[in-house]
Amino acid sequence: MVESVNTLRFSGKMSKTNGKAVNLKDKLDGNELDLSLCNLTEVPVKELATLTKATVLDLSCNNLTVLPSEFCGLTHLMKLDLSKNQLVQLPPELGRLVSLQHLDLYNNKLCSLPVSLAQLKNLKWLDLKDNPLEPSLAKVAGDCLDEKQCKECAARVLQHMRTIQSDQDREKQRRLLAEREREKKRELEQRLLEAREREARKREKAEEKERKRREYESQKAARIHQQESEEKTEREEQRHASATSSAPKAKVSVIGALLKLLLFLLVGVVGAVAVCQWTELRREPVCRSLNTLYEEAVSMLQEQEVVSRLLQKLSPQQQQQQP
């Protein structure tokens, strides 16, 4: 069972020898696994993950161009030889290989290293010769012609990568602070906008209340004016009706007073005539004049009665003569 698990069928990843698949266990010598000169174009990460006792891995002299991110999960590796491949970059997660002490990247096509390399605190040996490194990185790496220089290279590169990481962290922190400031500014602007909108709504509400109050006051004033006009009209109508009804009363009262006065005078005249006719005062000068007037008036009335009778008699005769 173990033997079948550790059997690597490369399917084009690795050439076959005499038509037989190569067994990884045959390549394992103690804690060293030698996969050099196998024409690899990809790393058999899944199979390597089962060989946790293989802390030394030699992948030199193959055709590798990249390492998969899963390769960084081989945290048991302590020594890794990737020299004489075609690597153009290393995975950003390389810092996960925390047990790594020895790293050989001689003769590849690397221009830069991942910043996570700064996390390899146990790295003591590094070879970067014959890579088209960036000038600043090449200057830091220096030569690696012997054991001492390779150790110095590891120390300098780690320090350099830590500096870059620190700078990146500070830049990240600066950007984070700047983003927080922008976020605070946006929040402040949003709060100000909301405050202005609330104030605008309050003003609109106050204006609406004021408008309704004015409308109410206007309607109230109109009702009061209409009521006063109606009351004034009613009072005028009452005064007119009172004046109209009081005029006949006044006229009737005047006529009544005149009639009463005439009646009083008539009674007085009759009384005076009676006194002058039937009492001893008839010989007095005043009574004589009054008696004379009385006799003349009676005479006139008698004459009018005679004329009236004559006219009554003449009227039938004239009516008979007309036909």
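Definitions and limits used
Residues numbered from 1 in each chain as written. Predicted model: local features only at pLDDT ≥ 70, side-chain atom pairs only at ≥ 80, totals over all residues. Heavy atoms only, no water. Helix = DSSP H or I, 4+ residues; strand = E, 2+ residues; numbered from the N terminus. Buried < 20%, exposed > 50% of the residue type's maximum accessible area, 1.4 Å probe, protein only. Contact = heavy atoms within 4.5 Å. Areas by Shrake-Rupley, 256 points an atom, 1.4 Å probe, with all protein chains shown as cover. Salt bridge = Lys/Arg side-chain N within 4 Å of Asp/Glu carboxyl O. 1 Å grid on protein atoms, 1.4 Å probe; cavity = no way out; pocket = protein on both sides within 12 Å on 5 of 7 lines; lining within 4 Å. Points joined across faces, edges and corners; volume = space filled by probe spheres on them. Nonpolar A, V, L, I, M, F, W, Y, C, P; charged D, E, K, R; others polar. UniProt positions renumbered as here; feature names shortened; annotations may be inferred. Patch = residues over 30% accessible without salt bridge, like charges linked within 9 Å, V, L, I, M, F, W, Y side chains within 5 Å. Lys, Arg positive; Asp, Glu negative; His and termini not counted. Charge placed at Lys NZ, Arg CZ, Asp CG, Glu CD. Pairing = 2+ DSSP bridges.

1. Regarding the overall build of the chain
1) Next: When you go through the chain residue by residue, the secondary structure sums to six helices and six strands.
2) Next: Listing the helices and strands of the chain from first to last along the sequence gives α-α-β-β-α-β-β-β-β-α-α-α.
3) Next: Among the 323 residues that make up the chain, the fraction classed as buried is 24%.
4) Next: Excluding contacts between residues fewer than 6 apart, the proportion of contacts in the chain whose partners are at least 24 apart in sequence is 35%.
5) Next: Total accessible area on the chain is roughly 23,200 Å²; 54% of this is exposed by carbon and sulfur atoms.

2. Structural notes on the pattern of salt bridges
Where charged atoms from two side chains of opposite charge approach closely, those side chains can pair.
1) Next: In the structure shown here, the tally under the stated rule is twelve salt bridges.
2) Next: As a salt-bridge pair, Glu-208 and Arg-211 come within 2.3 Å of each other at their nearest N and O atoms. Pair noted here: Glu-208 and Arg-211 are both in helix H5 (residues 147-278), with a separation of three residues, about one helical turn.
3) Next: Overall, the relative accessible area of 31% leaves Glu-208 in the partly exposed class.
4) Next: Using a relative accessible area of 38% as the deciding quantity, one classes Arg-211 as partly exposed.

3. Observations regarding empty space enclosed by the protein
1) Next: The final tally for this structure, using the stated rule, is one cavity of 30 Å³ or more.
2) Next: There is about 40 Å³ of room inside the largest cavity.
3) Next: Forming the walls of the largest cavity are Leu-33, Leu-48, Leu-51, Ala-54, Leu-57, Leu-74, His-76 and Leu-77.
4) Next: Looking at the lining of the largest cavity residue by residue, the class counts come to seven nonpolar, one polar and no charged.

4. Looking at the UniProt feature "transmembrane region" (unreviewed entry) in the chain
1) Next: As recorded in UniProt, the sites labelled "transmembrane region" (unreviewed entry) are residues 254-275.
2) Next: The distance separating the terminal C-alpha atoms of residues 254-275 is 31 Å; by composition the span is 100% helix and 0% strand.

5. Comments concerning a negative patch on the surface
1) Next: There is a patch of like negative charges on the surface, built from Glu-228, Glu-230, Glu-231, Glu-234, Glu-236 and Glu-237.
2) Next: Looking at the secondary structure, you find Glu-234 in helix H5.

6. As for the sheet that holds strand E5 (residues 102-104)
1) Next: Here six strands make up an open sheet; going across it, the order is E1-E2-E3-E4-E5-E6 and the pairing mixed. Unpaired on one side and paired on the other, strand E1 (28-29) and strand E6 (125-127) mark the two borders of the sheet.
2) Next: Sheet topology places strand E2 (residues 32-34) next to strand E3 (residues 56-58); three bridges connect them, and they run parallel. The partner of Asp-34 across the bridge, within E3, is Asp-58.

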